[in-house]
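# Remarks on the overall topology
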Amino acid sequence: MPLYEYRCGQCEKQFEASQSLYARVEDTECPFCLARQATRLMSLFSSNVVGDRKPGFSELKAKAMHEERMRSFAKLPPVNVALNMPPPDAASEPDSAPTEGSIS
Ligand SMILES: [Zn+2]
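A brief look at the structure comes next.

Rules of the game
The numbers attached to residues start from 1 for each chain and follow its sequence in the written order. Only residues with pLDDT of at least 70 are given local features in this predicted model, and only at 80 or more are side-chain atom pairs given and counted; all residues enter the totals for whole chains, interfaces and linings. Calculation of side-chain values draws on the structure's entire complement of heavy atoms; hydrogens and water are dropped beforehand. Each metal's donors are the N, O and S atoms found within 2.8 Å of it, except that Na, K and Ca use a 3.2 Å limit; water is left out, so coordination can look incomplete. Note on geometry labels: four donors, all angles 85 to 135 degrees, give tetrahedral; four donors become square planar and six octahedral when opposite donors are over 155 degrees apart and every other angle is between 65 and 115; remaining cases are irregular. For patch building, the residue pool is restricted to those with more than 30% relative accessible area and no salt bridge; the joining distance is 9 Å between like charges and 5 Å between nonpolar side chains (Val, Leu, Ile, Met, Phe, Trp, Tyr). Computed with the Shrake-Rupley method and a 1.4 Å probe, the accessible areas treat only the protein chains shown as cover for residues. Salt bridges are defined by distance alone: a side-chain nitrogen of Lys or Arg within 4 Å of a carboxyl oxygen of Asp or Glu. Secondary structure elements are defined from DSSP: runs of H or I of at least 4 residues count as helices, runs of E of at least 2 residues count as strands, and each element is numbered from the N terminus. With a 1.4 Å probe rolled over the protein chains alone, any residue whose accessible area is under 20% of its type maximum counts as buried; one over 50% counts as exposed, and the rest are partly exposed. Contacts are assigned to residue pairs with any non-hydrogen atoms lying within 4.5 Å of each other. We call two strands paired when DSSP finds no fewer than two bridges between them. Axis lines are fitted through C-alpha atoms, for helices just across the contact stretch, and the angle between N-to-C directions can take any value from 0 to 180 degrees.

## Remarks on the coordination of the zinc ion
The protein atoms that coordinate the zinc ion are C8 (SG), C11 (SG), C30 (SG) and C33 (SG), at distances of 2.2 to 2.3 Å. Its four donor atoms give the zinc ion angles of 103 to 116 degrees at the centre, a pattern that matches the tetrahedral case. The sequence pattern formed by the donor residues of the zinc ion is C-x2-C-x18-C-x2-C.

## Points about a nonpolar patch on the surface
A cluster of nonpolar side chains, namely M70, F73 and L76, defines an oily patch on the protein surface of about 330 Å² accessible area. The topology assignment puts M70 in helix α2 (residues 57-75). Relative accessible area serves as the criterion here: at 45%, M70 is assigned to the partly exposed category.

## Notes on the side chain of T28
When you line up the elements, T28 lands in the loop between β2 (14-18) and β3 (38-41). Take T28: its relative accessible area is 2%, and that puts it in the buried class. Ignoring any residue separated from it by four or fewer positions in sequence, one finds T28 in contact with Y6, F15, Q19, A35, R36 and A38.

## Quick look at the pattern of salt bridges
Going through the model one piece at a time under the given rule, you end up with six salt bridges. One salt bridge in this structure joins E12 and R7, with 3.9 Å as the shortest N-O distance. The exposed category is assigned to E12, whose relative accessible area is 55%. Of the charged contacts, one joins R36 and E29 as a salt bridge, the two residues approaching to 3.5 Å between their closest N and O atoms. Its relative accessible area of 40% is what places E29 among the partly exposed residues.

## Some points on the sheet that holds β2
Ordered by their spatial adjacency, three strands build an open sheet running β2-β1-β3, and the pairing between neighbours is antiparallel. At either end of the open sheet lies a strand with only one pairing partner, and these are β2 and β3. On average, each strand axis in the sheet is inclined to that of its neighbour by 40 degrees, with strand direction left out of account. Two elements, strand β1 (residues 3-8) and β2, share five bridges in a ladder whose sense is antiparallel. Residue pairing for β2: L3 is matched across the bridge by S18.

## Things to note about the pairing of β2
The alternating pattern of β2 places F15 and A17 on a buried face and Q14, E16 and S18 on a face that is not buried. Where β1 folds back onto β2 in an antiparallel hairpin, the turn is made up of five residues, including E12, whose phi is positive at roughly 60 degrees.

Structural measurements only, silent on function.
Spelled out as structure tokens, the structure:
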């Protein structure tokens, strides 16, 4: 369930309430004064905290593992690069099959 931030219109305190998406703002009761005059706030603050926080240990470890994996891939020789990438003028060359057939 999403967590919403509200501000009470009666006592002007802010509180959080976990509600369903279909809960109406006017049914939200202030936990301090029990007034139903709350207005829903955009929770920009909490999303900013998530975005700006420093990466945790597990994220750093995952990044290090990813970089190590890319290094090991870089050591490998390229596989079939020449076969997969024919020269750009290969298609414009005349077909040599009839010539070879006439020789035999
Ligand atoms: Zn209140």
